[in-house]
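Structural description and commentary
Each chain is listed here by its residues.
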Amino acid sequence: MLRLPCPYCGLRDEPEFAFGGPSHIIRPTLEATDAQWTAYLFNRDNPLGVHYERWAHAYGCGQWFNVARHTATHEILAVYRMGDPKPALEAGAAR
Amino acid sequence: MSGTGPSRLGADKTQFGGAIDRARTIRFSFDGKSFTGFAGDTLASALLASGIRTLSRSFKFHRPRGVFTCGIEEPNALVQVGKGAVSVPSTRSTMLELHEGLETFSHAGWPSLNTDLGRVLDFVSLLWAAGFYNKTFKWPSWHTYEDLIRRMAGSGHAPTGSDPDRYEWRNVHCDVLVIGGGIAGLREALTAADAGSRVVLADQDVAMGGRGVWDGSQIEGTSAASWARMAGEKLRRADNVTVLSRTSAVGYYERDVVTLLERVPVHQARPGMPRECYWIVRANRVILATGAIEQPLIFDNNDRPGILLAGAAQQYLRRYAVAVGRRVIIATNNDTAYALARDLKEAGVTVLGVADSRHEVPQARAAELSALSIPLWAACIPVDTGGFSTLSNVTLGKLAREGGGIVSQERHVCDALAVSGGWTPSLHLYSQAAGALAYREETRSLAPLNEHPVAKPVLSTTQQTGLGPRHSPVGKSSRQWVDLRHDVTVSDLELALRENFTSIEHVKRYTTVGMSVDQGKTSNLPALEIIARLRGRKPAQIGHTTFRPPYVPVTLGAITGRGSGPFFAPSRTTTLYEWHAAHGAVLEDYGEWKRPAVYLRPGESRHEGIMREARAVRSSAGLFDGSPLGKIELHGPDALEFCDRFYINNLKTLKPGRARYGLMLRESGTLLDDGTVVMLAPDRLLITTTSGGAHRVTAWMEEWRQCEWPQLRVTITQVTDAWGTVSLTGPRSREILATLDSDVDWSGTAFPHLGLREGRLLGAPARIYRVSFTGELTYEINVPASAAPTLWEALLKAGAPYDIQAFGVESLLQMRIEKGFLHVGADTDGTTVPDDVGWGKVAAGKSADFIGKRSLSLPENVRPDRLQLIGLSSESLIPIGSHLRLPDSDQPTDGWVTSAGRAALTGAPVALALLRAGRGKTGVEVSVHNMGAITHAKVVEPPFYDPAGERMNG
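One structure accompanies this document, and this report is about it. (Residues numbered from 1 in each chain as written. Chains lettered and ligands numbered in written order. Predicted model: local features only at pLDDT ≥ 70, side-chain atom pairs only at ≥ 80, totals over all residues. Heavy atoms only, no water.)

Examining the sheet that holds strand 34 (residues 630-635) of chain B
All names here are of chain B. Operational definition: Note on pairing: DSSP must find at least two bridges between two strands before they are called paired. Put simply, DSSP marks the helices as runs of H or I at least four residues long and the strands as runs of E at least two long, and each gets a number from the N terminus on. Working convention: axes come from line fits to C-alpha atoms, limited for helices to the stretch in contact. Angles between N-to-C directions cover 0 to 180 degrees.
The five strands are arranged 35-36-37-34-38 in an open sheet whose pairing can be described as antiparallel. Strands with a single pairing partner mark the edges of an open sheet, and in this sheet they are strand 35 (659-665) and strand 38 (715-718). In this sheet, neighbouring strand axes are inclined to one another by 30° on average, regardless of whether the strands run parallel or antiparallel. Taken together, the four bridges between strand 34 and strand 38 define a ladder with antiparallel strand orientation.

Some points on the nonpolar core
Residues and elements named next belong to chain B. Just so we agree on the cut-off: To qualify as a nonpolar core, a set must consist of buried Ala, Val, Leu, Ile, Met, Phe, Trp, Tyr and Cys residues joined through side-chain atoms within 4.5 Å. Exposure classes here rest on a 1.4 Å probe applied to the protein chains alone. A residue is buried below 20% of its type maximum, exposed above 50%, and partly exposed in between. Any two residues whose heavy atoms approach within 4.5 Å at even a single point are treated as in contact.
Residues F28, L47, Y316, I330, L344, L417 and V419 are the most contacted members of the largest nonpolar core, which totals 77 residues. Sequence-distant contacts of Y316, defined by excluding residues within four places in its chain, comprise A44, S45, L48, V67, T69, C70, T94, L308, A321, V322 and V324. Of all hydrophobic cores here, the second largest spans 47 residues; its members include A202, V258, Y430 and L446.

Some words on a nonpolar patch on the surface
Here is the rule we go by: The residues that make up patches have over 30% relative accessible area and no salt bridge, and they are joined within 9 Å when like-charged or within 5 Å when they are Val, Leu, Ile, Met, Phe, Trp or Tyr. Only the protein chains shown count as cover for residues, with accessible areas throughout obtained via the Shrake-Rupley method and a probe of 1.4 Å. Counted as salt bridges are all cases of a side-chain nitrogen of Lys or Arg within 4 Å of a carboxyl oxygen of Asp or Glu.
A surface patch of nonpolar side chains, about 360 Å² in accessible area, is lined by V120, F123 and F388 of chain B. Checked against the element boundaries, F388 of chain B lands in the loop between strand 21 (380-386) and strand 22 (393-399).

Considerations on the interface of chain B and chain A
To keep things clear, this is the line we draw: Accessible area that two parts lose when put together, evaluated with a 1.4 Å probe and summed over both, is termed the buried area. For this analysis, a polar contact is any N or O atom pair within 3.5 Å, provided that within protein one partner can donate a hydrogen and the other can accept it, and provided that sequence-adjacent residues contribute only side-chain to side-chain pairs.
In this assembly, 26 residues from chain B lie in contact with 23 residues from chain A. When chain B packs against chain A, the two sides together hide about 2,300 Å² of surface, and 50% of this comes from carbon and sulfur. On the chain B side of the interface with chain A, the three residues burying the most area are R255, Q706 and R854 of chain B, jointly 33% of the side's total. At the surface where chain B touches chain A, the tally comes to five salt bridges. Linking D849 of chain B and R27 of chain A is a salt bridge whose minimum nitrogen-to-oxygen distance equals 3.6 Å. At the boundary of chain B with chain A, the tally comes to eleven residue pairs in polar contact (both at pLDDT 80 or more). When residues of the side of chain B that touches chain A are assigned to their parent elements, the largest contribution, six residues, is made by helix 19 (residues 694-708) of chain B.

Worth remembering: the numbers are spatial, not functional.
If you want it as structure tokens, here you go:
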């Protein structure tokens, strides 16, 4: 069970949160081609390593925020608010 | 020997039997036979004391098996406990505390445990080699044999009813979690407690102290037993320490969350107490003082009753005053078993000798034996044993100095063989914590390889170096057991490697070594060494299999905790629930809500009730509790702009006091939810969702507001529970409302369809809108939830002259079918887009962007042969889900029936269906396929009833 550091409530258990997929996805405009739009809908990166992703404290404060998590070790490397830019992290940072 | 049982030492030998209370005799049964033991006994110790040596039959070959260990690592002596709904299989008799009236049963053996015809399987053992089920018992199919083979395996049986016991969860945060209350663990806990940390100390045994208190050792000038007792008391008294006994640590999860399973013994249970407690511990530091597990020696026929681990034999003597035999041989490859020789001699048991597989036995050990007049057989290892039912003799082989093999052998008559292959630290939890382990040559055991930031193992002092051989160099590999529980022999490991399953993970799965309830605690390490030898590698190169939770089996009820039965999923009710229950409502689950399906009258069937209610609505008036309907308010200067981005409908033309039916899509263009958007004011909107969609839509809107459009000034508030929604529907609705005290003008001109009025009704604030799901004139009246019962009763009273009836969800869902009204989730699925259900033009006509808009022009979503919603008319009722085929179709299916029922007034069957390019097929006759039966229906354009909507719009 992960324990996630909500930027507003502090460290809480994983079941309190809803996962929202990767962060920093730019929604294309209506002018996107079919291929661009389909990629936006269905294609996602699946890295072994640091993953920047969105979480909502669904059963707490209800706020969305961003997390940098290592997909193999589950180490939380960074937590930043929704709308903040992606933080600079050392490559290969893991436990 | 005197004392209860032929193998129990007399009370005069006070240094033995420290755990039992001879003053309290306990009666229990095994396979229907009565026995007695003492308080403090386990089932295993009491049965051994009574001279019972065979407790089970082996998994495949039905060989008799006895007690092998004195702890949780027991692979043989597993029993069924109790009967009926509380019967538990695969219970370790070595951990099962006696209580008065305990009933236990062996797993296998027919006709009986001691006379088991299944033994014949031992003589055709080749049939049961690893992976046999992939190679044999295949014709006509595995299932022909599966049931019989499973029954023969004898793993006990499942309880025959729901678990009646209670289980609790406890959540705890602490600074230091100490797992293991032996001497090392107690020391760690004392240190942490003295430093002021919040400490949780857990040990799986009935008391603290671990194994050290039973081997007569001394600590700080006092006996280990006294030291442990005083340490335990000090810890229990401390405010900052929680001491848990009978508590196993079962799993180590991410972020250093550790689960513990605490057992409440039957003899301590009181009414209201749980049977087990599942602790979820979040610790800053975890100390793993989990000790070590003794390993066996591998030789021919090393599985007979009477063969057990040396440390276990010593525990039975010291803890329970039980002698495991009369004529005992000890076979070891290290120093630790020598203490057993001393203890057995003290107990008056004949020790025939100690076989030590080392060529060079330490001088001190040799001297000890000499002083006890016990023979030492250096460089000797068992090579075979005999005894059809229980152990009767052991053949020892003298190991050659060079070149492997033995130079001589000698048979000894004995009834017990205590083996010690050295100890391996119990590091399962460390591995679960993602700590790395590796095989160490010096100690011939696993050891931590890295430093874990939180989990700190404290290694046991039983770690020995200079171990002798563990494996007999001669004999038949098919008679040398590696995994006692799953009956895996050395020949199975050889077979796996021959068939190219070389990775240790593959060998494990192919042979099932280490995969049973004991999780290979006494078999993984020997297997690792054997595989290394067979592959010509070093054990450190082989790696090890992944350790996974749980460390010991966990009752499912403990993991569930209180979340079962009525607490499995909370059930929501409206403020009208009591009225429904008191008036014949059949209350059923609709999503998370308990709602009236139908209000049954005496003597009528469910279908008759539904039709009666529907007729009443269409003829005069009906009353419906719509409170579960999702209601969300959007406030702010940008509320309308925000809301407009969610719907396919252009909402920007909505005016205050008006409502509009809308469809909400996912980004992929598929239908997410439908509902009504009501404009209360230019900066205040009320949207309704399906009853099941309230949470989903609120969360969806919040996500977009916070993540994508934070610049829009809008707040989102769910008000579903705040308002009770009473739906008055039917041609006489207006007349009924006119009789009530209100400031609202109900007339059709003042209050048209899709209008909203806010005012007062019966003295309470009310919000009423005219939206209809029945197809009749409908007023959806919202009052504060607490005021709903009063309104409901008043409407029933006012409607009595008009024969008003309460109606349930089923007749509502049926009435909407003949109107062709969509039920999202029934008539739609995860692929349905607006055009499929006739809303394509509305979506296309909106120029502003909305969620899903871009997807609607993707090639898949504009295919001409997509399934489209149409109506079906037929002679008889069509089952929902029936498949349809167009004439001259070359497709396996052209669609299916999504909703079906009867017209309220005529009783004629009506149905909605998704049909390939259906809108162009009006008038076509399709075949209807259901479970092999074929009927026919005609495609019609819905609605079937009041197509112009005059009744609804009036």
